[in-house]
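Tertiary structure, described
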Amino acid sequence: MSVVLITGASRGIGAACARAFAQAGFNVAVNYNRSKENAESLARELRDLGVSAVAVQADVSDSASVRGMFDYVKANLGSVDVLVNNAGISRVGLLTEMTDGDWDTLLHTNLSSVFYCCKAALPDMIRAHSGVIVNVASMWGEVGASCEAAYSASKAGVIGLTKALAKEVGPSGIRVNAVSPGVVMTDMMKGFSAEDVAALRDETPLMTLGTPEDIAEAVLYLSSDKARFITGQVLSVNGGMVI
Ligand code: NAP
């Protein structure tokens, strides 16, 4: 059975990915940072589906923590066949009011984390001459969002890293793609008022907002052999908000 490691899988899109991969028969490593209870109860739920699953704590913005996570997953489930870099945070506000510390935290959590996790996953994938990495970007990384400069920059960075790494490791039999969600109703949207959410829905050609499951389906597809000829691509799952 293949092993998938999903960062930030304790809630939201990452948790939906964990369920989708388990239903597809993967053994699943559920990474969390703070939401221990959620992650452990999700891992139990996945084991009830008949796969192996572990919850593994790591702050993905810290490279030593990421290395420890990979060691733990390898010892408990085996080497990682599919890596889903999903963990992320957002921050809304004027660039002029953003502190250097806020900038660093966001860039480390959303972008350096992808570097740390890819670096830890690749040696085993290269040895196996196979592997898949799916990075969760954002439509704001494609077009930029006002008052989300750091977030947009981090996700544009994820897209650039995806394309470059796909070229670098394609000859080693490894595919690297990104899924770029539009507005998805998770805790990340908690700061938005009902009016803001309604306005975002009205701006979306399909007139509906995304669910974590919509994103998980795209991540699972890119991880499957059905996508064997797809690498270096950004699959936008946004109801048509950005075309
Ligand atoms: P969410 O519900 O807020 O969940 C965020 C997840 O990331 C949690 O599991 C959290 O873990 C984890 N996380 C945060 N910082 C971490 C760290 N330092 N180390 C390890 N894990 C960390 O967010 P979401 O909406 O599911 O977002 C998931 C991804 O989709 C993010 O990359 C986000 O940028 C992207 N995205 C979301 C939307 C949207 O509209 N929701 C749109 C575009 C892109 P703990 O709770 O355990 O700390």
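Residues numbered from 1 in each chain as written. Predicted model: local features only at pLDDT ≥ 70, side-chain atom pairs only at ≥ 80, totals over all residues. Heavy atoms only, no water.

1. A look at the overall build of the chain
The helix and strand inventory of the chain stands at eight helices and seven strands. The C-alpha atoms of the chain give 17 Å as radius of gyration, which agrees with the globular expectation for 243 residues (18 Å, within 12%). For the C-alpha atoms alone, the extent of the chain along its principal axes is close to 45 × 40 × 35 Å. Expressed as a percentage of its 243 residues, the buried residues of the chain come to 49%. The contacts of the chain with a sequence gap of at least 6 include a subset with a gap of at least 24, amounting to 73%. If you sum the accessible surface of the chain, you get close to 11400 Å²; carbon and sulfur atoms cover 51% of it. Each charge class in the chain can be summarised by its mean position, and for the 19 positive and 25 negative side chains these summaries are 7 Å apart. (Helix = DSSP H or I, 4+ residues; strand = E, 2+ residues; numbered from the N terminus. Rg over C-alpha atoms; globule rule 2.2 N^0.38 Å. Buried < 20%, exposed > 50% of the residue type's maximum accessible area, 1.4 Å probe, protein only. Contact = heavy atoms within 4.5 Å. Areas by Shrake-Rupley, 256 points an atom, 1.4 Å probe, with all protein chains shown as cover. Lys, Arg positive; Asp, Glu negative; His and termini not counted. Charge placed at Lys NZ, Arg CZ, Asp CG, Glu CD.)

2. Digging into the pattern of salt bridges
Summed over all chains, the structure comprises seven salt bridges. A salt bridge links Asp124 to Lys74; the nearest nitrogen and oxygen atoms lie 2.9 Å apart. Placement of the pair is Asp124 in helix α4 (residues 100–128) and Lys74 in helix α3 (residues 63–76), with a sequence separation of 50 residues. The class of Lys74 is partly exposed, set by a relative accessible area of 44%. Here Lys190 and Asp187 are joined by a salt bridge, their closest N and O atoms 3.6 Å apart. Through salt bridges that share partners, Arg11, Asp187 and Lys190 make up one connected network. (Salt bridge = Lys/Arg side-chain N within 4 Å of Asp/Glu carboxyl O.)

Such coordinate-based values are descriptive only and should not be taken to indicate function.
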